[in-house]
Amino acid sequence: MLPERYVFVAPKVGASFVQLPAKPSALCSGFFDWAKKNAAKLAQEYREGSLERALDLARRSDFSRFEAGNLDTILKQHAATSHHVRRFGAPLPDRPARLPAPAEHAPEEARYIQQLLDVYYEKWGCPPSSPDAAHAHPKAGRNLQRQREAFYRAEQLRIFARDSVPPGTFESLQNAVYSGVAEVEEDDFETGYARLKAVLAAARIMELGTNVLLQVVDPDDRKGICHQLANDDRLTWVQEEL
């Protein structure tokens, strides 16, 4: 089965060609006139039988399915894809408005929150199995809320990247953050709280190369990426002594 539409897309298309698909009968006769005129050349370029099969298919085809693409329309459509920024060097679109972290903890937050609860247990004695106890603690509660806000900010950036830049761009940014903070995380600290604070501080000021997302990255994105890494156990705050 043939496609319903064929769209010719090229940076330079003559005005006469743009008008030709609007007249299917003229396009059809023009094609066969061209094929007849160039029969000898086409016979040399195509294997025996393939040219006749192509001409037979053309005879049975509806030439109204052909059209010349409007470049302004095509570029507008392309601008809505994740490849536009890389191909044309265009600035990134604005990010959506920042949303607060939801009141209820989501299942996908489980691991990085547990790592934070381990920190609060070591630092302030909050039960490590009770997020509610951490939220109720005057210092742990504020800290946990800030970390969750940062995590969701980074999650928003991940979704924004999925829709705005080529695949792998956000993962490349994550890896750059990890490469920059891994040495800090491996240092000796008296507490997991001290390690957490040092890693987040390093993430806020580190150089991250030339990733296109840096146009829209803010400090909380950097912190949130650290929690995404902790969620995947690539970073650990409370470490057992070796």
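Before reading on, note that the structure itself is shown above.
Remember, it's a predicted structure, so these values are computed and weren't measured experimentally.

Colleague: Mind showing me how you'd approach a negative patch on the surface here?
Modeller: Together, Glu-183, Glu-186, Asp-187 and Asp-188 make up a region of like negative charge exposed at the surface. Within the secondary structure layout, Asp-187 lies in the loop between helix H10 (169-185) and helix H11 (192-205). Given the relative accessible area of 40%, Asp-187 is considered partly exposed.

Colleague: Explain the layout of surface pockets here, please?
Modeller: Taking a probe equal in size to a water molecule and rolling it over the atoms shows the remaining empty space. Reported here for the largest pocket is a volume of approximately 400 Å³. Looking at the largest pocket, it is lined by 18 residues, and the ones nearest its centre are Phe-31, Ala-54, Ala-58, Phe-63 and Phe-66. For the lining of the largest pocket, the secondary-structure elements that each account for two or more residues are strand S1 (6-8), helix H2 (24-37) and helix H4 (50-59). When residues in the lining of the largest pocket are grouped by element, the largest group, five residues, is from H4.

Colleague: Would you mind going over unusual backbone geometry with me for this structure?
Modeller: Note: most peptide bonds trans; most residues except glycine with negative phi. The phi angle at Asp-233 is positive, at roughly 60°, despite the residue not being glycine. Turning to its location among the elements, Asp-233 is positioned in the segment after helix H12 (219-231).

Colleague: I keep staring at the packing of aromatic side chains and nothing clicks. Help me out?
Modeller: The geometry of two aromatic rings is summed up by the distance between their centres and the angle between their planes. Within this structure, the stated rule accounts for nine aromatic pairs. Consider the rings of Phe-63 and Phe-66, whose centres lie 5.3 Å apart with planes at 55°: the pair is tilted. Phe-63 sits in the buried class, given a relative accessible area of 8%. Plain terms: the ring middles of Trp-124 and Tyr-193 are 5.4 Å apart, the flat faces sit at 65° to each other, and that makes the pair edge-to-face. Of the two residues, Trp-124 sits in helix H7 (residues 110-124) while Tyr-193 sits in helix H11, which places them 69 residues apart along the sequence. Trp-124 sits in the partly exposed class, given a relative accessible area of 24%. Using a relative accessible area of 17% as the deciding quantity, one classes Tyr-193 as buried. Sitting above the plane of the Tyr-178 ring, Arg-234 keeps its charged end 4.6 Å from the centroid.

Rules used in this analysis
Residues numbered from 1 in each chain as written. Predicted model: local features only at pLDDT ≥ 70, side-chain atom pairs only at ≥ 80, totals over all residues. Heavy atoms only, no water. Patch = residues over 30% accessible without salt bridge, like charges linked within 9 Å, V, L, I, M, F, W, Y side chains within 5 Å. Areas by Shrake-Rupley, 256 points an atom, 1.4 Å probe, with all protein chains shown as cover. Salt bridge = Lys/Arg side-chain N within 4 Å of Asp/Glu carboxyl O. Lys, Arg positive; Asp, Glu negative; His and termini not counted. Charge placed at Lys NZ, Arg CZ, Asp CG, Glu CD. Helix = DSSP H or I, 4+ residues; strand = E, 2+ residues; numbered from the N terminus. Buried < 20%, exposed > 50% of the residue type's maximum accessible area, 1.4 Å probe, protein only. 1 Å grid on protein atoms, 1.4 Å probe; cavity = no way out; pocket = protein on both sides within 12 Å on 5 of 7 lines; lining within 4 Å. Points joined across faces, edges and corners; volume = space filled by probe spheres on them. Phe/Tyr/Trp six-rings, centres within 6.5 Å; stacked < 30°, edge-to-face > 60°. Lys NZ or Arg CZ within 6 Å of the ring centre and 35° of its normal.

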